[in-house]
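In case you want the letters, here they are:
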Amino acid sequence: VKISLLCFISTAMYLLTNVTAPVLVFASVHSDFAWRIIICCDVYSSFVCVWLSFEKFDRWYQALCHCCHAQCLSFCENRIWHFKRHVNLRQQVNNSSEQCAQHVEIRTMQTEGNQ
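All values derive from a computational prediction rather than experimental measurement.

Reading the values: the criteria
Residues numbered from 1 in each chain as written. Predicted model: local features only at pLDDT ≥ 70, side-chain atom pairs only at ≥ 80, totals over all residues. Heavy atoms only, no water. Helix = DSSP H or I, 4+ residues; strand = E, 2+ residues; numbered from the N terminus. Expected span 1.5 Å × (residues − 1). Buried < 20%, exposed > 50% of the residue type's maximum accessible area, 1.4 Å probe, protein only. Salt bridge = Lys/Arg side-chain N within 4 Å of Asp/Glu carboxyl O.

Relative to the 36 Å expected for 25 residues at 1.5 Å per residue, helix α2 (residues 29-53) spans 36 Å between its end C-alpha atoms, a close match to the ideal helical length. Within α2, burial applies to S31, W35, I38, D42, S45, V48, C49 and L52.

Structure, rendered in structure tokens:
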């Protein structure tokens, strides 16, 4: 979850940078300044994401990203639980179908044997 979250943050900042580039018209000093701030934020966030990905900086990661990490972990566990439940239900349906088919075959054989 840690690497996925950090990758998501870094990618989101990169996309934000590339989406705002065509929007900001470099006709004024203000838009040029805003563009430079956005570039700096992108570079800085990428650096911090790489930095936090190392185990040595796990304490910092927990301090900065604990809330997001907990939510992502909860989401992933929830999806896995639902997937396992779906697979188990499908297996139960398949087993029930096989048992029904076997029961029908046995009943058919018994019926044919009686005639």
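That covers the picture; the talk isn't over yet.
Before going further, it helps to examine the pattern of salt bridges. Within the structure shown, the criterion is met by two salt bridges. The partner of K2 in a salt bridge is D58, and the shortest N-O contact between them spans 3.2 Å. Separated by 56 residues along the polypeptide, K2 in helix α1 (residues 2-23) and D58 in helix α3 (residues 58-114) bring together distant segments of the chain. Given a relative accessible area of 16%, K2 falls into the buried group. The exposure class assigned to D58 is partly exposed, which follows from its relative accessible area of 30%. Residue R36 is joined to D32 by a salt bridge in which the shortest nitrogen-to-oxygen separation is 3.1 Å. With R36 and D32 both in helix α2 and four residues apart, this pair spans about one turn of that helix.

Function cannot be read off these values alone, since they describe shape.
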